[in-house]
Amino acid sequence: MNVSRRIYAALAATALCGLMAACNGTGGAPEPTASADSTQAAADKKYLSQPLVSEIYTADPSAHVWNGKIYIYPSHDIDGPTPEDDLGSHFEMRDYRVLSMDDVGGKVTIGPVALDVKQVPWASKQMWAPDAAFKNGTYYLYFPAKDKEGAFRIGVATSKDPMGPFKPQPQPIKGSYSIDPAVFTDDDGQSYMYFGGI
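Undergrad: An account of the pairing of strand β10 (residues 179-185) is requested, with residue identities and associated values reported.
TA: When β10 meets strand β11 (residues 191-196), the two strands line up antiparallel, connected through five bridges. Within β11, the position partnered with Ile 179 by the bridge is Gly 196. Between β10 and β11, which follow one another and run antiparallel, lie five residues, and Gly 189 among them has a positive phi close to 90°.

Structure follows, in structure tokens:
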């Protein structure tokens, strides 16, 4: 990995941590107070562990700023019937919903379904952590899902709008057998996908 990629990875991780801290309030633990109303003051503070949204279950987000607006691409879990196991079968993500914000700490908009597993010809279930990219007027959503044989593959879907809806390619990316894609475009315009896990 060359120096510019290492710097980008460190900056991206730092920016995401800062974004999550800023979006969730104080950016750390509340300061102690000597007031008689300390219990109420503590209750009124916003803690780092507060979610951006509580209407839907989300996990493993990637965040991007396009056209001065923040877009967050999380996985979208449901409370399904599958019993918990060591393989993560109970994480039944079936679709993606994109979150958007005009400002850090501002109101979060939950977009409509941006991509559903039923729209992906090769996929059967478990649309886990995605990432997104933008190039030449098109937004790309890179996502893992289990194929019809039960193996995780990575697919790509496109849209002219960062909120979607996204149209999936008919086949997964050739040779992709994993989860958690992360896309990076270097200064020379060359793009890379990092992935890992299963």
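Once you've had a look at it, read on.
Undergrad: Tell me what's going on with the nonpolar core, and back it up with residues and numbers.
TA: Looking at soluble globular proteins, one finds that nonpolar side chains tend to be buried together. The biggest cluster of nonpolar side chains holds 20 residues, and the ones touching the most others in it are Tyr 73, Leu 115, Val 120, Met 127, Phe 143 and Phe 166. Elements that contribute at least two residues to this core include exactly β2 (69-77), β3 (95-101), β4 (108-116) and β7 (138-147). Per element, the largest residue contribution to this core is four residues, and it comes from β7. Val 120 has contacts with Leu 115, Met 127, Phe 143 and Pro 168, leaving out every residue within four places of it along the chain. By size, the runner-up hydrophobic cluster in this structure holds seven residues, among which are Ile 72, Leu 99, Met 101 and Val 108.

Undergrad: I'd like a description of the pairing of strand β8 (residues 152-159), backed by residues and values.
TA: For β8, the buried fraction is high: seven of the eight residues fall into the buried class. Direction of pairing for β7 relative to β8: antiparallel, over a ladder of eight bridges. Opposite Tyr 142, over in β8, you have Val 156 as the bridge partner. Linking two consecutive strands that pair antiparallel, namely β7 and β8, is a turn of four residues; a positive phi of about 90° is found at Gly 150 within it. The pairing of β8 with strand β9 (residues 167-168) spans two bridges and is classified as antiparallel.

About the criteria used
Here the residue numbering is sequential within each chain, running from 1 through the sequence in written order. Local features in this predicted model are restricted to residues whose pLDDT is 70 or higher, and side-chain atom pairs enter the listing and the counts only when it is 80 or higher, whereas totals over whole chains, interfaces and linings include all residues. Hydrogens and waters are ignored; side-chain quantities use all the structure's heavy atoms. Between any two strands, pairing holds if DSSP finds at least two bridges. Each helix is a run of DSSP H or I of at least 4 residues and each strand a run of E of at least 2, with the numbering of both proceeding from the N terminus. Among buried residues, the Ala, Val, Leu, Ile, Met, Phe, Trp, Tyr and Cys ones that are joined through side-chain atoms within 4.5 Å form a nonpolar core. Buried residues are those whose accessible area, probed at 1.4 Å on protein chains only, stays under 20% of the maximum for their type, while exposed residues exceed 50% and partly exposed ones sit between those limits. Contacts were defined at the residue level, with two residues in contact if any of their heavy atoms lie within 4.5 Å.

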